[in-house]
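The lines below spell out each chain.
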Amino acid sequence: MSAPVVIIGTGLAGYNLAKEFRKLDGDTPLLLITADDGRSYSKPMLSTGFGKNKDADGLAMAEPGAMAEQLKAEVRTHTRITGIDPGHQRLWIGEEAVAYRDLVLAWGAETIRVPVEGDAGDAIFPINDLEDYARFRAAAAGKQRVLLLGAGLIGCEFANDLSLGGYQVELVAPCEQVMPGLLHPAAAAAVQAGLEGLGARFHLGPVLASLQRHGDSLQAHLSDGSLVDCDVVVSAVGLRPRTELAAAAGLAVNRGVVVDRQLQTSHANVYALGDCAEVDGLNLLYVMPLMGCARALAQTLAGTPTAVTYGPMPVLVKTPACPLVVSPPPRGMSGEWTVEGSGADIKALCRDGTGRLLGYALTGTAVQEKLALNKELPGLLA
Ligand SMILES: Cc1cc2nc3c(=O)[nH]c(=O)nc-3n(C[C@H](O)[C@H](O)[C@H](O)COP(=O)(O)OP(=O)(O)OC[C@H]3O[C@@H](n4cnc5c(N)ncnc54)[C@H](O)[C@@H]3O)c2cc1C
């Protein structure tokens, strides 16, 4: 039998690529390898589970066996690849060598962990996949107070969701506003006020200096000297594309695994997409770009070399306490911001010198204008 197309990762990137590939090629052997349990799920739903009262099993959409059947593929679960040997078109799972025709890296990004002093480091939970989510739900059962580290998009979504789930949320982050870098300050203030309306409390400026056990609960010491009592901690301080194995194999890496518009790495027959990939300089940790990459790469793998293009990619942030859609200006473009509206309803627009719309942040009722504005936005990768 000829060597298979091998995809590393069964996240949205890996499974969607496999689906798109099977639409074009029903015969080439396909092997998916994943370090986790291989269940199909939609990662964005992880920050809606408490509000919807769904545990990890409730968020899982299909078992790996069902995916294997649907994709006419072999799916190897709980299997971590440990090396790539592009010169010989094979990869390593410990001592076992696996040959590939084409190799696709869809192995995602890992959570950044910040060191914290104290005896309760094991009460800090990252939530970056379904198994993390299951662990956190088990730890949070019967508890009341969650300390949340990070005020980025994911931290704010968890603040909303955990508040809806009945938890008292205390959010700590060393920045002046929520979603710094992504969001205009006026829109950030609206989102923060919306979350405060649910009862979440914000500690913006300090970091968590140490975490100590204190009887049955935990005591967080912040760097500004304040103390916060809590029962469990969620860390959402950011993600870093996984690049280590690629770099060790001699592939070009920068912020992510470096690929061109055809999603090819610096080595023939090795491709990357999703959170791990830096596509023509862009590493975007969202679903929309990875879907575009999956469609283009499926064509390439099926024999028609195809470049990916990105249109406008506004991000719908799941903070129902204050609806938010944001589309930051594309890299290298800057303009002037204007802000209309007040309170929860903010329309912040960024235009260049000729009046062309480059980006926006819409909150509250202003999100209704997104479809009309999207038509004016520039693409991210033309
Ligand atoms: C809480 C949360 C909410 C989000 N909400 C949104 C949203 O609303 N909208 C949006 O667009 N995006 C959202 N995102 C981002 C989006 O979910 C990700 O961009 C997307 O899921 C990434 O998919 P991926 O397949 O590239 O990576 P992953 O889903 O991380 O998959 C990586 C896969 O690689 C495997 N793997 C890793 N290393 C190895 C190895 N050495 N050997 C074998 N297998 C390995 C893993 O086991 C896994 O199967 C959210 C993210 C989070 C965490």
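For the structure itself, consult the block above.
Residues numbered from 1 in each chain as written. Predicted model: local features only at pLDDT ≥ 70, side-chain atom pairs only at ≥ 80, totals over all residues. Heavy atoms only, no water.

Draft legend 1. Highlighting the packing of aromatic side chains. This structure, assessed with the given rule, holds four aromatic pairs. Ring geometry for Phe 50 and Phe 136: centres 5.9 Å apart, planes at 70 degrees, overall edge-to-face. One end of the pair, Phe 50, is in the loop between β3 (40-41) and α2 (56-59); the other, Phe 136, is in helix α4 (residues 130-140), with 86 residues separating them in the sequence. By relative accessible area, which is 0% here, Phe 136 ends up buried. Ring centres 6.0 Å apart and planes at 65 degrees place the aromatic pair Phe 125 and Phe 136 in the edge-to-face group. With a gap of 11 residues between them, Phe 125 in strand β11 (residues 124-126) and Phe 136 in helix α4 connect regions that are remote in the sequence. No difference in accessibility class separates Phe 125 from Phe 136, as the two residues are buried. Within the aromatic cluster, the residues linked to one another by ring pairs are Phe 50, Phe 125, Tyr 133, Phe 136 and Tyr 167. Positioned over the ring face of Phe 50 is Arg 137, at 4.5 Å from the centre of the ring. (Phe/Tyr/Trp six-rings, centres within 6.5 Å; stacked < 30°, edge-to-face > 60°. Helix = DSSP H or I, 4+ residues; strand = E, 2+ residues; numbered from the N terminus. Buried < 20%, exposed > 50% of the residue type's maximum accessible area, 1.4 Å probe, protein only. Lys NZ or Arg CZ within 6 Å of the ring centre and 35° of its normal.)

Draft legend 2. The arrangement of α4 in detail. Inspection of α4 places Leu 130, Asp 132, Tyr 133, Phe 136, Arg 137, Ala 139 and Ala 140 among the buried residues, and these make up the whole buried set. Its side-chain oxygen at 3.1 Å from the backbone nitrogen of Glu 131, Asp 129 defines the N-terminal cap of α4. Where α4 terminates, the next one or two residues include Gly 142, which has phi positive at roughly 80 degrees. (Polar contact = N/O pair within 3.5 Å; in protein donor to acceptor, adjacent residues only side chain to side chain.)

Draft legend 3. Structural detail: the site of the ligand. As a structural note, the neighbourhood of the ligand is formed by 33 residues, with Thr 34, Lys 43, Asp 275, Val 287 and Lys 318 the closest of them. Between the ligand and Tyr 286 there is a distance of 3.4 Å, counted from an oxygen atom to a backbone nitrogen or oxygen. Contacts to the ligand include Lys 318, whose side-chain N or O atom sits 2.4 Å from an oxygen atom. Contact with the protein chains covers 92% of the free accessible surface of the ligand, which is 1,000 Å². When contributions to the shell around the ligand are tallied by element, the ones reaching two or more residues are α1 (12-24), α5 (153-164) and α8 (287-301). (Near = heavy atom within 4 Å. Areas by Shrake-Rupley, 256 points an atom, 1.4 Å probe, with all protein chains shown as cover.)

Interpretation note: all reported values are geometric properties and have no functional meaning in isolation.
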